[in-house]
Amino acid sequence: MSDRDSAVAAMTLDEYQRAALRTLNPALDERDRLLDASAGLAEEAAEVLGLIRKRAFQGKEVDQSRLTEELGDVLWCLAVTAHTLGVSLSTVAAANQEKLARRHPDGFRAP
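Here we summarise the structure given alongside this text. Counting restarts for each chain, with residues numbered from 1 along the sequence as it is written. pLDDT decides what is reported in this predicted model: residues at 70 or higher carry local features, side-chain atom pairs at 80 or more are listed and counted, and totals for whole chains, interfaces and linings draw on all residues regardless. Computation of side-chain values covers all heavy atoms of the structure but excludes hydrogens and water.

**Regarding the packing of helix H3 (residues 30-58) against helix H4 (residues 64-84)**
Short version of the rule: Simply put, an axis is a line fit to the C-alpha atoms, just over the touching stretch for a helix, and the angle between two N-to-C directions goes from 0 to 180 degrees. Numbered from the N terminus, helices here are DSSP runs of H or I no shorter than four residues, and strands are runs of E no shorter than two. Comment on the angle field: the value is read as roughly parallel under 35 degrees, roughly antiparallel over 145, roughly perpendicular from 65 to 115, and oblique elsewhere. Working rule for handedness: look at the near helix, and if it is turned counterclockwise from the far one by less than a right angle, call the crossing left-handed; if clockwise, right-handed. Contacts are residue-level and defined by heavy atoms, with any inter-residue pair within 4.5 Å sufficient. For this classification, the nonpolar set comprises Ala, Val, Leu, Ile, Met, Phe, Trp, Tyr, Cys and Pro, the charged set comprises Asp, Glu, Lys and Arg, and every other residue, Gly included, is treated as polar.
Running from N to C, H3 and H4 cross one another at 155°; their axes reach a closest spacing of 8 Å. Classified by the interaxial angle, the pair formed by H3 and H4 is roughly antiparallel. Here the hand of the crossing between H3 and H4 comes out left-handed. Two secondary-structure elements touch here, H3 through Glu 30, Arg 33, Leu 34, Ala 37, Ser 38, Gly 40, Leu 41, Glu 44, Ala 45, Glu 47, Val 48 and Leu 51 and H4 through Arg 66, Leu 67, Glu 70, Leu 71, Asp 73, Val 74, Cys 77, Leu 78, Val 80, Thr 81 and Thr 84. Counted by class, the contact of H3 with H4 contains twelve nonpolar, four polar and seven charged residues.

This is the structure in structure tokens:
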């Protein structure tokens, strides 16, 4: 792993979010940016689902490079959607962890 790869791997969620915002389309107003990012979130998640579906039902191996790329697209769309609504990714992650801790205080246990 190169030094650059190590630095990127150690990036916090909020650092990633700030970096992702550098690639916003400046021609979009807030309403259109929100629609673009949130629709993209669904679209990119569907591409991830497509890779998993092919693995589950067609016996195909998941191309790790392609999966990583598609998950990155999901993360970008999530970062922009959250930012446009005034929420940091670290806030999203912390709120989710709090919810999971309440729901499964001792970790998940199958019924």
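The discussion continues.
**Notes on helix H2 (residues 13-21)**
Counted only if it meets this: Each residue is assigned to one of three classes by its accessible area relative to the maximum for its type, calculated with a 1.4 Å probe on protein chains only: buried under 20%, partly exposed between the two thresholds, exposed over 50%. This arc is built from the directions going out from the helix axis to the C-beta atoms.
Taken together, the buried positions of H2 are occupied by Gln 17, Ala 20 and Leu 21. Down the axis, H2 shows its buried residues gathered within 100° of arc, on one side only. At its buried positions, H2 is contacted by H4 and helix H5 (89-103).

**So, the nonpolar core**
Heads up, the condition is: The set of buried Ala, Val, Leu, Ile, Met, Phe, Trp, Tyr and Cys residues whose side-chain atoms join them within 4.5 Å is what this entry labels a nonpolar core.
Formed by Val 48, Leu 51, Val 62, Leu 67 and Val 74, the largest nonpolar core amounts to five residues. Every element with two or more residues in this core is listed here: H3 and H4. Sequence-distant contacts of Leu 67, that is, excluding residues within four places in its chain, are made with Val 48, Leu 51 and Val 62.

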